[in-house]
2 protein chains.
Amino acid sequence: MVSPVKRLPRAVREQQMLDAAVRVFSRRGFHAASMDEIAEHAGISKPMVYAYLGAKEDLFIACLRREASRLIEAVTGAAGGDLPPDEQLWRGLRAFFGFVGAHREGWTVLYRQARGQEPFSREVAGMRARMAEVIAVLLGRAVAAAGQRASESDLEVMAYALVGASESLADWLVDHPTEDPERAATRMMNIAWLGADQLLRGATWRPSR
Amino acid sequence: MVSPVKRLPRAVREQQMLDAAVRVFSRRGFHAASMDEIAEHAGISKPMVYAYLGAKEDLFIACLRREASRLIEAVTGAAGGDLPPDEQLWRGLRAFFGFVGAHREGWTVLYRQARGQEPFSREVAGMRARMAEVIAVLLGRAVAAAGQRASESDLEVMAYALVGASESLADWLVDHPTEDPERAATRMMNIAWLGADQLLRGATWRPSR
DNA sequence: GAGCGTACCTACTCGGGCGTAAGGTTACGC
DNA sequence: GCGTAACCTTACGCCCGAGTAGGTACGCTC
């Protein structure tokens, strides 16, 4: 007579738990979030969470992985095919900012959480490395198409700069709810591509003196 | 007979405590760091820490502020004067990467910690905003010098992208101890300035279709 | 309609670590 | 020399929240 509590198959409950966990973790942060609150949000009791998804750290990592794979899938899916490099980059950025815009508060916050916290930073570093690698390859193709050469490490550094700039703009986007994600992507593309294009042509800046 | 424990004036002890706190916080992270360990590292007992610097959060904020003000001072000091904008940016970047290089592990880790953790993220956001503002002004001067115009928000966005890219390269620098900070600054300058220069001339990228 | 496995619960234990109460001891002013 | 203020300590209270023990109810199969 209290709450009827529908019985549901495991797979469904796991997703509900993850949904709840993402919300609570992003609101409160990893440490301030309590397992009790997550369980309550999921409409379930705490031991179920432990039974299905393990300890608190495991749960957080599960959240991280689910959201990360969604993001990466969105980006690589959009940037696939064999279009010219700038078009690929553009589509990738659009997908990225679209994702962030759609999940404002959710994903970014989780991501920010994880970057500092020791058990998780390796996880995040891995994701970033994968993203950077994709971009580095893309830049490499652009260089080759322009008939130039560039060292591996130069490409890597540029890719990391691009990733960092995009993350930063993603934060900015979250803080400016009226801003259109598409527009943010365009802005990022302008900054990234005009600089990249110059570099790919062999231009370099040097101190004036 | 046990440990002689020199008595020291407050100002000195406070600095020792902050030194210890920065080390422990960056090693362990905010939550995993214990006040006992910090006190021990400082060669003092716990109640002294509370007496001088307050609760754990206060202590962390004190660390953050001290390190941040050192960084900002280094950057703005280096970029001062009325040199041409690219020269100013270059000097600022050099100071930034020099600082990070000299404090590998220390500052960056602390900074990463703080960005996610709720009570501190506002603090960090404020610092970033100050940095971005400085850069935005600088870019604005460059635009004006080129006889062009740019909206406030365009400049702001570019500044944030630049800050994000620099942060990202700073992380990369920390993970590559053999890399020279000066070189990292040059790389960043190339990426930033060539793109900026193009934008300032009124160039824009647009989708091919 | 008995049995069995899976979903689910209430109600605890237990440890870690923040913050403090209450009391010693050294230096410095006069 | 003696008070007093600042330095410094040991030793504890106490809360909070992760994780678990042990048991109940539901529904599916034959």
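Reading the values: the criteria
- Residue positions are given per chain, counted from 1 along the sequence in the order it is written.
- Labels are handed out in written order, letters beginning with A for the chains and numbers beginning with 1 for the ligands.
- Local features in this predicted model are restricted to residues of pLDDT 70 or higher, and side-chain atom pairs are both shown and tallied only at a pLDDT of 80 or more, whereas totals for entire chains, interfaces and linings draw on every residue.
- The side-chain quantities take in all heavy atoms of the structure and omit both hydrogens and water.
- Axes here refer to lines fitted to C-alpha atoms; in helices the fit is confined to the stretch in contact. Angles between the N-to-C directions go from 0 to 180 degrees.
- What counts as a helix is a DSSP run of H or I of at least four residues, what counts as a strand is a run of E of at least two, and both are numbered from the N terminus.
- Should an angle fall under 35 degrees it is taken as roughly parallel, and over 145 as roughly antiparallel, whereas 65 to 115 is taken as roughly perpendicular and any remaining angle as oblique.
- In this scheme the handedness of a crossing depends on how the near helix is turned from the far one: anticlockwise by less than a right angle means left-handed, clockwise means right-handed.
- By the convention used here, residues are in contact when the closest approach between their heavy atoms is within 4.5 Å.
- Note on residue categories: nonpolar means Ala, Val, Leu, Ile, Met, Phe, Trp, Tyr, Cys or Pro, charged means Asp, Glu, Lys or Arg, and polar means any other residue, Gly included.
- Each residue is placed in one exposure class: buried if its accessible area under a 1.4 Å probe, protein chains only, is under 20% of its type's maximum, exposed if it is over 50%, and partly exposed if it falls in between.
- The start and end points of each domain follow an automatic or database-based domain assignment.
- Throughout, buried area stands for the accessible area (probe radius 1.4 Å) lost by two parts on being put together, summed over both.
- Definition used for salt bridges: Asp or Glu carboxyl oxygen within 4 Å of a side-chain nitrogen of Lys or Arg.
- Definition of a polar contact: a pair of N or O atoms within 3.5 Å, with one able to donate and the other able to accept a hydrogen when the atoms are protein atoms, and with sequence-neighbouring residues admitted only if both atoms are side-chain atoms.
- To pair, rings of Phe, Tyr and Trp, with the six-membered ring standing in for Trp, must have centres within 6.5 Å; the planes then decide the type, stacked if under 30 degrees apart, edge-to-face if over 60, and tilted in the middle.
- One heavy atom suffices: a residue is near a molecule or strand as soon as one of its heavy atoms comes within 4 Å of it.

Now for the packing of helix α1 (residues 10-28) of chain A against helix α6 (residues 107-116) of chain A. Residues and elements named next belong to chain A. The N-to-C vectors of α1 and α6 enclose an angle of 65°; their axes lie 9 Å apart at closest approach. Taken together, α1 and α6 sit at an angle that is classed as roughly perpendicular. Remark: the crossing between α1 and α6 carries left-handed chirality. In this structure, α1 contributes Val22, Phe25 and Ser26 to the contact, and α6 contributes Val109, Leu110 and Gln113. Taken together, the residues of the contact of α1 with α6 sort by class into four nonpolar, two polar and no charged.

Bringing the environment of glycine 54 of chain B into the picture now. Residues and elements named next belong to chain B. Mapping glycine 54 onto the fold places it in the loop between α3 (46-53) and α4 (56-79). Of the residues examined, glycine 54 reaches a relative accessible area of 18% and is grouped as buried. Excluding its chain neighbours within four sequence positions, the residues that come into contact with glycine 54 are Met35 and Val49.

Before going further, it helps to spend a moment on the domain arrangement of chain A. Residue and element names in this part refer to chain A. Under the domain assignment used here, chain A contains domain 1 (8-54) and domain 2 (65-200). Surface buried jointly by domain 1 and domain 2 totals about 690 Å² across both partners, of which 62% is contributed by carbon and sulfur atoms. The largest contributions to the domain 1 side of the interface with domain 2 come from Val22, Ser26 and Phe30, which together make up 59% of the buried area. The residue aspartate 19 makes a salt bridge to arginine 66 at a minimum N-O spacing of 2.8 Å. Remark: the boundary between domain 1 and domain 2 carries three residue pairs in polar contact (both at pLDDT 80 or more).

Our next topic: the environment of alanine 185 of chain B. Residues and elements named next belong to chain B. Mapped onto the elements, alanine 185 comes out in helix α9 (residues 181-200). Classification of alanine 185 as buried rests on a relative accessible area of 0%. Separated by 91 residues in sequence, alanine 185 and arginine 94 have C-alpha atoms that sit 5.2 Å apart. Once residues within four sequence positions are removed from consideration, alanine 185 is found in contact with Trp90, Leu93, Arg94 and Phe97.

Turning next to the packing of aromatic side chains. All names here are of chain A. Scanning the model with the defined rule gives 14 aromatic pairs over all chains in all. With a centroid separation of 5.1 Å and 80° between ring planes, the pair formed by phenylalanine 96 and phenylalanine 97 is classed as edge-to-face. Look at phenylalanine 96 and you get buried, because its relative accessible area is 11%. Exposure remark for phenylalanine 97: the relative accessible area of 0% places this residue in the buried category.

Lining the immediate environment of DNA strand D, one finds 20 residues, of which Arg7 and Lys46 of chain A together with Arg7, Arg13 and Ser45 of chain B sit closest. Near the protein, meaning within 4 Å, the atoms of DNA strand D are sugar or phosphate in a fraction of 55%, with bases accounting for the rest. A distance of 2.7 Å separates a base oxygen of DNA strand D from a polar atom in the side chain of lysine 46 of chain A. Within the backbone of lysine 56 of chain A, an N or O atom sits 3.0 Å from a phosphate oxygen of DNA strand D. Residue composition of the surface near DNA strand D, by class: eleven nonpolar, two polar and seven charged.

Taken together, the neighbourhood of DNA strand C is formed by 20 residues, with Arg7, Arg13 and Ser45 of chain A together with Arg7 and Lys46 of chain B sitting nearest. In DNA strand C, atoms within 4 Å of the protein come 57% from sugar and phosphate. In the model, a phosphate oxygen of DNA strand C is placed 2.9 Å from a nitrogen or oxygen of the methionine 35 of chain B main chain. Within the contact set of DNA strand C, a base oxygen lies 2.7 Å away from a side-chain nitrogen or oxygen of lysine 46 of chain B. Those elements that place two or more of their residues in the surface near DNA strand C are α1 and α3 (46-53) of chain A together with α3 of chain B. Here the residues of the surface near DNA strand C sort into eleven nonpolar, two polar and seven charged.

Let us now look at the pattern of salt bridges. What the rule picks out here adds up to 32 salt bridges over all chains. Two residues, arginine 183 of chain A and glutamate 179 of chain A, come together in a salt bridge whose shortest N-O distance is 3.4 Å. Of the residues examined, arginine 183 of chain A reaches a relative accessible area of 42% and is grouped as partly exposed. Notably, a salt bridge pairs arginine 187 of chain B with glutamate 179 of chain B, separated by 2.5 Å at the nearest N-O pair. Each member of the pair, arginine 187 of chain B as well as glutamate 179 of chain B, carries the same accessibility label: buried. By sharing partners, the salt bridges in this structure join Arg112 and Asp171 of chain A together with Arg115, Arg128 and Glu167 of chain B into a single network.

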